[in-house]
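Each chain, letter by letter, is given below.
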Amino acid sequence: MRGKFIVVEGLEGAGKSSVIGLIKDTLHAAGKQVEQTREPGGTPMAEAIRECVKHDWDEKVAEETELLLMYAARVQLLTNRILPALESGAWVVGDRHDLSSQAYQGGGRGVSTKTMRAISDIALNGFKPDLTIYLDVDPAVGLERARGRGELDRIEQAGLAFFERTRERYLTLAEQDDSIKVVSAMQDMPSVHKAVLDEVNQYLKAQSNQEASA
Ligand code: TMP
């Protein structure tokens, strides 16, 4: 049986890493074979694109350049890892996917909805995650946490207003799509984890009910 694709999304400092660990443990306990990916990255070529897109270049990086690099990395990952894993029956837990581009490049950078839709259609051809957990954090809080981890990369240096636009787009898109679940990352860690577990367990239950009635 084909596997499922679960994605964790959020601004810098939202706490994606620990939530990804939790989801992987939950899936393993449910007997699933699990693969983890990250975007941009996850294949040798996509990791090279990640370095390139995060680098603080001594020239203007056009919004379209950033957008195209994100999608180039995404197609490499989809072709080489995500689709083969799902076909083999594994469940894939993704650290970011298309929603990041919709929020950061579409919301933060202000790339038009028309362009965002066109590139997503060309690159992904309708492919989308089965479940997305969006960890919602106030950008000021998230950036402070990220700063505590070390120097900020080119995207992280974009400024508070950029991240406020990005967050707003995440929330707008989540409202329009039932497969995107919003979890507040501004609670204490045990409460965040409980809320994530509730969503994942609910999804697993719905899946096994569907399988049983098929
Ligand atoms: P992270 O995986 O360590 O959070 O770093 C990825 C950075 O790239 C982060 O600042 C978000 C940004 N990003 C985009 O702007 N658009 C995208 O489509 C993706 C996947 C990431």
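Everything numeric in this text was worked out from a predicted model, so none of it was measured. (Residues numbered from 1 in each chain as written. Predicted model: local features only at pLDDT ≥ 70, side-chain atom pairs only at ≥ 80, totals over all residues. Heavy atoms only, no water.)

1. Focus on the pattern of salt bridges
Opposite charge on two side chains makes pairing possible when the charged atoms of those side chains draw close. Under the criterion given, the structure shown has 15 salt bridges. Residue Glu-9 is joined to Arg-96 by a salt bridge in which the shortest nitrogen-to-oxygen separation is 3.9 Å. Of this pair, Glu-9 sits in strand 1 (residues 5-10) while Arg-96 sits in the loop between strand 3 (91-95) and helix 4 (98-108), placing them 87 residues apart in sequence. Given a relative accessible area of 0%, Glu-9 falls into the buried group. (Salt bridge = Lys/Arg side-chain N within 4 Å of Asp/Glu carboxyl O. Helix = DSSP H or I, 4+ residues; strand = E, 2+ residues; numbered from the N terminus. Buried < 20%, exposed > 50% of the residue type's maximum accessible area, 1.4 Å probe, protein only.)

2. Comments concerning the site of the ligand
Around the ligand, a shell composed of 14 residues is seen, among which Glu-12, Arg-74, Arg-96, Ser-101 and Gln-105 lie nearest. Contact between the ligand and Lys-54: an oxygen atom at 3.2 Å from a side-chain N or O atom of the residue. Of all the secondary-structure elements, those providing two or more residues to the shell around the ligand are helix 2 (44-54), helix 3 (63-87) and helix 4. The dominant element in the shell around the ligand, judged by the number of residues it contributes, is helix 4, at four residues. (Near = heavy atom within 4 Å. Polar contact = N/O pair within 3.5 Å; in protein donor to acceptor, adjacent residues only side chain to side chain.)

3. Re the pairing of strand 1
Within strand 1, six of the six residues are buried, which leaves the element mostly enclosed by the surrounding structure. With burial as the criterion, each face of strand 1 is covered, one bearing Phe-5, Val-7 and Glu-9 and the other bearing Ile-6, Val-8 and Gly-10. With four bridges connecting them, strand 1 and strand 3 associate as parallel partners. For Phe-5, the partnering residue across the bridge sits in strand 3 and is Val-92. (Pairing = 2+ DSSP bridges.)

4. Brief notes about the sheet that holds strand 5 (residues 180-184)
If you walk across this open sheet you meet the five strands as 2-3-1-4-5, and the pairing is parallel. Every interior strand has two partners, whereas the edge strands, strand 2 (34-38) and strand 5, have only one. Shown here is a sheet whose adjacent strand axes are inclined to one another by a mean of 20 degrees, direction ignored. With five bridges connecting them, strand 2 and strand 3 associate as parallel partners. Among the inter-strand pairings, Glu-35 is bridged to a residue of strand 3, identified as Val-92. The strands touched by helix 1 (residues 16-29) within the sheet are strand 1, strand 2, strand 3 and strand 4 (131-136), with strand 1 carrying the most contacts at an inclination of about 160 degrees. Against the sheet, helix 3 makes contact with strand 1, strand 2 and strand 3, and its axis sits at roughly 160 degrees relative to strand 2, the strand it touches most. (Axes fitted to C-alpha atoms, helices over the stretch in contact; angles between N-to-C directions. Contact = heavy atoms within 4.5 Å.)

5. Side note on helix 4
In terms of burial, helix 4 is largely enclosed, as 11 of its 11 residues are buried. Of the positions making up helix 4, those classed as buried are Asp-98, Leu-99, Ser-100, Ser-101, Gln-102, Ala-103, Tyr-104, Gln-105, Gly-106, Gly-107 and Gly-108. Elements that come into contact with the buried residues of helix 4 comprise strand 1, helix 3, helix 5 (113-124), strand 4, helix 7 (160-176) and strand 5. Just downstream of helix 4, Gly-110 is the residue with a positive phi angle, here 85 degrees.

6. Structural notes on the nonpolar core
Ile-23, Leu-27, Tyr-104, Leu-135 and Val-196 are the most contacted members of the largest nonpolar core, which has 36 residues in total. Elements represented by at least two residues in this core include exactly strand 1, helix 1, strand 3, helix 4, strand 4, helix 7, strand 5 and helix 8 (189-213). Setting aside anything within four residues of it in sequence, one finds Leu-27 in contact with Ile-6, Lys-32, Val-34, Trp-91, Val-93 and Leu-204. Within the second largest apolar cluster, 17 residues are counted, among which are Phe-5, Ala-85, Ala-123 and Leu-124. (Core = buried A, V, L, I, M, F, W, Y, C linked by side-chain atoms within 4.5 Å.)

7. As for helix 1
Look at helix 1: 20 Å from first C-alpha to last across 14 residues, which is about the 20 Å you get at 1.5 Å a residue. Of all the residues in helix 1, the buried ones are Lys-16, Val-19, Ile-20, Leu-22, Ile-23, Thr-26 and Leu-27. Buried residues of helix 1 fall within an arc of 160 degrees about the axis and therefore sit on the same side. Exposed positions of helix 1 whose direction lies more than 90 degrees from the buried face are Ser-17, Asp-25 and Ala-29. Where helix 1 is buried, its residues meet strand 1, strand 2, strand 3, strand 4 and helix 8. Positive phi shows up at Gly-31, right after helix 1, with a value of about 85 degrees. (Expected span 1.5 Å × (residues − 1). Arc of directions from axis to C-beta.)

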